[in-house]
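Structural overview
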Amino acid sequence: MIDGLKKEIEGVRRSFLNEIAQIQSPEKLAALKERFLSRKKGIVSQQLLKLRDCAAAEKPVAGQLINQLKMFIETELARIEEKIGARRGTQEQWSDCSLPASDLPIGRFHLIAEIQRQIEDIFLNLGYEIASGPEVELEEYNFTALNIPEYHPARDEQDTFFIEGFANMVLRTQTSPMQIRYMLDHQPPLKIISPGKVCRKDDPDATHTPVFHQVEGLLVDQGIHFSHLKGTLEVFCRSFFGPDVNLRFRPGYFPFTEPSAEVDISCFMCSPRQGIPPAGTSAADAASRVQSDCKVCKGSGWLEILGSGMVHPQVLLNCHIDPEIYSGFAFGMGIERVAMIKLGVPDLRMLYENDLRLLGQFG
Ligand SMILES: [Zn+2]
């Protein structure tokens, strides 16, 4: 009996060695382990069952032989497992330089910078220059030269950050002081836009932050009148928001322009539904407009986007430009505001939270 068992065990051992010699993958090794060592149907377990047929005197020897087989198989499996794992590790350290590079995430401009660049591109194509100025500004340029007198509420501490220890300096509340700086340094014709950061003492909410961005535009030359302003803003709005937007000029008030106008664009979400005619068609059916539940324009059909007007003669005089010879127009808009309208971002603060999911969504 023992001799027969010995032969059988030797047969199992050889067949195991033959099979394991051909194994290259952990999956095949696991299958081999299952076949030989599985507790119920494994080949070794089948051998153990034969102990029942052994004579009592032979049982210890037979048990030992089968246990030795089991230990041998376990040791070999562990050795080959380690070998395959090491080979894999080595393969992972090597790389094939001839393969194409894997995709890397590519950076892009922040939405505010992106929108600013889009605005700049449109005006650069219209022949404007970009003029940048300091963010800490003289009170004179931020207010007085722009025809904002000392008693004007915009100067109030509620709106303006004053610089401690420098009575005549503020964090600029608008990019307009750059117009003053440019006009003091250059003679007409002038054609500039001035983008940049401005500060006002606002509590953050869905439409306000203490720091935001503006773009101002200024054109001064002989014979400039309101239709030049209107035409320029039409070109800008249709380039930026889309060829179908319509513009509406409403009387407004700014100390540095006269006359002044607030400019609205037709709501690109709902204006066709509301009967606001697309650009280039008559406005006859304005009366037939229906109120909508549009959240973008709150049902009005219009979106306020910028302030504008003809440069006040006093501002030209403050910059030593003769208003009898020259005239000009100016306009200004909040970059965050137009970004929110164009991209459909509902809360201004989202632009500053820098959540990559939001920034990537509009990439
Ligand atoms: Zn709307």
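Residues numbered from 1 in each chain as written. Predicted model: local features only at pLDDT ≥ 70, side-chain atom pairs only at ≥ 80, totals over all residues.

**Structural notes on the overall build of the protein**
- What the protein contains, in helices and strands, is 12 helices and 9 strands.
- Since a compact globule built from 363 residues should have a radius of gyration of about 21 Å, the 40 Å found for the protein marks it as more spread out than a globular shape.
- Taking the principal axes of the C-alpha coordinates as reference, the protein spans close to 125 × 60 × 45 Å.
- The buried share of the protein, taken over its 363 residues, is 27%.
- Taking the contacts inside the protein whose residues are at least 6 apart along the sequence as the reference set, 69% of them involve residues at least 24 apart. (Helix = DSSP H or I, 4+ residues; strand = E, 2+ residues; numbered from the N terminus. Rg over C-alpha atoms; globule rule 2.2 N^0.38 Å. Buried ≥ 20, exposed ≤ 12 C-beta atoms within 10 Å, placed from the backbone. Contact = placed C-beta atoms within 7 Å.)

**What to know about the sheet that holds strand E9 (residues 327–334)**
- Read from one edge to the other, the open sheet built from 7 strands follows the order E1-E4-E5-E9-E8-E7-E6, with strand pairing classed as mixed. Two strands in the sheet have a free side with no partner beyond their single neighbour: strand E1 (129–130) and strand E6 (247–254).
- As judged from the 8 bridges shared by strand E5 (residues 211–221) and E9, these two strands associate in the antiparallel manner. By the bridge assignment, glutamate 216 is partnered in E9 with glycine 332.
- This element, helix H7 (residues 177–185), spans strand E4 (190–199), E5 and E9 of the sheet and lies at about 140 degrees to E4.
- Running at roughly 60 degrees to E9, helix H10 (residues 335–343) makes contact with E5, strand E8 (302–311) and E9 of the sheet. (Pairing = 2+ DSSP bridges. Axes fitted to C-alpha atoms, helices over the stretch in contact; angles between N-to-C directions.)

**Considering the nonpolar core**
- Formed by 52 residues in total, the largest nonpolar core has its most connected members in Leu146, Val220, Ile305, Val315, Val338 and Ala339.
- Per-element accounting of this core gives the leading share, 5 residues, to H10.
- Excluding residues that lie within four positions of it along the chain, valine 338 makes contacts with Ile115, Ile305 and Met333.
- Counting residues in hydrophobic clusters, the runner-up holds 7 residues, among them Phe16, Val44, Ala62 and Ile73. (Core = buried A, V, L, I, M, F, W, Y, C linked by C-beta atoms within 7 Å.)

**Regarding the domain arrangement of the protein**
- Domain annotation of the protein identifies domain 1 (2–93) and domain 2 (111–361).
- Taking only C-alpha atoms into account, the centre of domain 1 sits 82 Å from that of domain 2. (Domains from an automatic or database assignment.)

**Considering the environment of aspartate 185**
- Positionally, aspartate 185 belongs in helix H7.
- Judged by the 10 C-beta atoms lying within 10 Å of it, aspartate 185 falls in the exposed class.
- Between the C-alpha atoms of aspartate 185 and cysteine 319, which are 134 residues apart in sequence, the distance is 8.8 Å.

**A word on the pairing of E6**
- In this structure, E6 lies alongside strand E7 (residues 257–266), joined through 7 bridges in antiparallel fashion. Bridging across to E7, glycine 252 finds its partner in serine 260.
- Between E6 and the antiparallel strand that follows it, E7, lie 2 residues.

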